[in-house]
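# Inside the fold
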Amino acid sequence: GENVEQHPSTLSVQEGDSAVIKCTYSDSASNYFPWYKQELGKRPQLIIDIRSNVGEKKDQRIAVTLNKTAKHFSLHITETQPEDSAVYFCAASLPGKLIFGQGTTLQVKP
Amino acid sequence: EADIYQTPRYLVIGTGKKITLECSQTMGHDKMYWYQQDPGMELHLIHYSYGVNSTEKGDLSSESTVSRIRTEHFPLTLESARPSHTSQYLCASSSRNTPQETQYFGPGTRLLVL
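Scope of this entry: the structure provided in the associated data block. (Residues numbered from 1 in each chain as written. Chains lettered and ligands numbered in written order. Predicted model: local features only at pLDDT ≥ 70, side-chain atom pairs only at ≥ 80, totals over all residues. Heavy atoms only, no water.)

This next bit is on the state of the cysteines. Under the definition given, this model contains 2 disulfides over all chains. The disulfide partner of Cys23(A) is Cys90(A), and the S-S distance across this bridge is 2.0 Å. One disulfide, between Cys23(A) and Cys90(A), carries an S-S torsion of -100 degrees and so falls in the left-handed class. With Cys23(A) in strand S3 (residues 19-25) and Cys90(A) in strand S9 (residues 86-94), this residue pair connects regions lying 67 residues apart in the sequence. The same class applies to Cys23(A) as to Cys90(A), namely buried. The partner cysteine of Cys23(B) in its disulfide is Cys91(B), sulfur to sulfur 1.9 Å. Taking the torsion about the sulfur-sulfur bond, which here is approximately -75 degrees, the covalent link between Cys23(B) and Cys91(B) counts as left-handed. One end of the pair, Cys23(B), is in strand S3 (residues 19-25); the other, Cys91(B), is in strand S9 (residues 87-94), with 68 residues separating them in the sequence. (Disulfide = S-S within 2.5 Å. Helix = DSSP H or I, 4+ residues; strand = E, 2+ residues; numbered from the N terminus. Buried < 20%, exposed > 50% of the residue type's maximum accessible area, 1.4 Å probe, protein only.)

In structure tokens form, the structure reads like this:
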């Protein structure tokens, strides 16, 4: 069935290092891939997204890449800061809804 | 300010009680969604709506029901609460008028069923 696999489930990095979170989706009809950040006790918030006609998108320290052939997309955070610590969710679109990955808990150590 | 509102934010209730979780949005969106999420865990879609008088079941089997009588309002009802319903419930909305149909989330309702 339709699903999104997200890895790793937990990621710990030193402040200033880069972090990469990877997702794989199953349905080739998916054409929109958002990433959400959820801080402890807060609502998920969109941080970046990419559409299927684009291979890469950047916004300051974060970037997302998409490989439609392999059905992979990844979130890259450079120069990580303690405030980047949160749970990150990838998602892939299907008609009328989003399918979310299982989430990655990112811990940035000062 | 355009936002999504959920009430109550926290609810402790006994087994067997009927409860309704409220969700309203002033985003001007036509689509609305309900997710169930244990803290920091995966989001599970339980219901969604394309617009007034439209409701669809999501991927997670749920003993809840929803209604969509007004565009801005999408309440979720549990007829008989059980301890297994203890979780966080997130409401979201999106607009079919934007190419990506990005979903925006409300602050959530944390439910504890004793």
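The discussion continues.
All names here are of chain A. Among the secondary structure elements, Gln14 is positioned in strand S2 (residues 10-14). Gln14 sits in the partly exposed class, given a relative accessible area of 41%. Remark: the alpha-carbon pair of Gln14 and Thr78, spanning 64 residues in sequence, is separated by 11 Å. In contact with Gln14, other than residues within four places in its own chain, are Thr80, Val108, Lys109 and Pro110. (Contact = heavy atoms within 4.5 Å.)

Turning next to the sheet that holds S3(A). Residues and elements named next belong to chain A. Strand order across the open sheet formed by 5 strands is S1-S3-S8-S7-S6, with antiparallel pairing between neighbours. Single-partner strands in this sheet number two, and they are strand S1 (4-7) and strand S6 (56-59). Looking at each pair of strands side by side, their axes are set apart by 15 degrees on average, direction ignored. Examined bridge by bridge, strand S7 (residues 62-67) and strand S8 (residues 72-77) share 6 bridges and lie antiparallel to one another. Residue pairing in the sheet places Ile62 in a bridge with Ile77 of S8. (Pairing = 2+ DSSP bridges. Axes fitted to C-alpha atoms, helices over the stretch in contact; angles between N-to-C directions.)

Okay, the interface of chain B and chain A next. Taken together, the contacts link 24 residues of chain B with 20 residues of chain A. Regarding the contact of chain B and chain A, the summed buried area is about 1,800 Å², with carbon and sulfur atoms giving 52% of it. For the pair chain B and chain A, the interface holds 1 salt bridge. For Asp3(B), the salt bridge is made with Arg43(A), and the minimal N-O distance between the two is 3.1 Å. Taken together, the connections running from chain B to chain A amount to 5 residue pairs in polar contact (both at pLDDT 80 or more). Elements with a minimum of two residues in the side of chain B that touches chain A: strand S4 (31-37), strand S5 (44-49) and S9 of chain B. Taken together, the residues of the side of chain B that touches chain A break down into 12 nonpolar, 7 polar and 5 charged. (Buried area = accessible area lost by both parts, 1.4 Å probe. Salt bridge = Lys/Arg side-chain N within 4 Å of Asp/Glu carboxyl O. Polar contact = N/O pair within 3.5 Å; in protein donor to acceptor, adjacent residues only side chain to side chain. Nonpolar A, V, L, I, M, F, W, Y, C, P; charged D, E, K, R; others polar.)

This next bit is on unusual backbone geometry. In this structure, the amide linkage connecting His7(A) to the following residue, Pro8(A), adopts the cis form with an omega of -5 degrees. Position of Pro8(A) relative to the elements: it lies in the loop between S1 and S2. Cis geometry is found at the peptide bond from Thr7(B) to Pro8(B), where omega equals -10 degrees. Its identity is not glycine, yet Gln60(A) carries a phi of approximately 55 degrees, on the positive side.

Attention shifts here to the packing of aromatic side chains. Residues and elements named next belong to chain B. In the structure shown here, the tally under the stated rule is 12 aromatic pairs over all chains. Between Tyr35 and Phe105, the aromatic rings sit 5.5 Å apart at their centres with planes inclined by 45 degrees, giving tilted as the arrangement. Residue Tyr35 is located in strand S4, and its partner Phe105 is located in strand S10 (residues 104-105); the two are separated by 70 residues in the primary sequence. Judged on exposure class, the residue Tyr35 and its partner Phe105 are both buried. The side chain of Arg68 reaches across the aromatic face of Phe74, ending 5.8 Å from its centre. (Phe/Tyr/Trp six-rings, centres within 6.5 Å; stacked < 30°, edge-to-face > 60°. Lys NZ or Arg CZ within 6 Å of the ring centre and 35° of its normal.)

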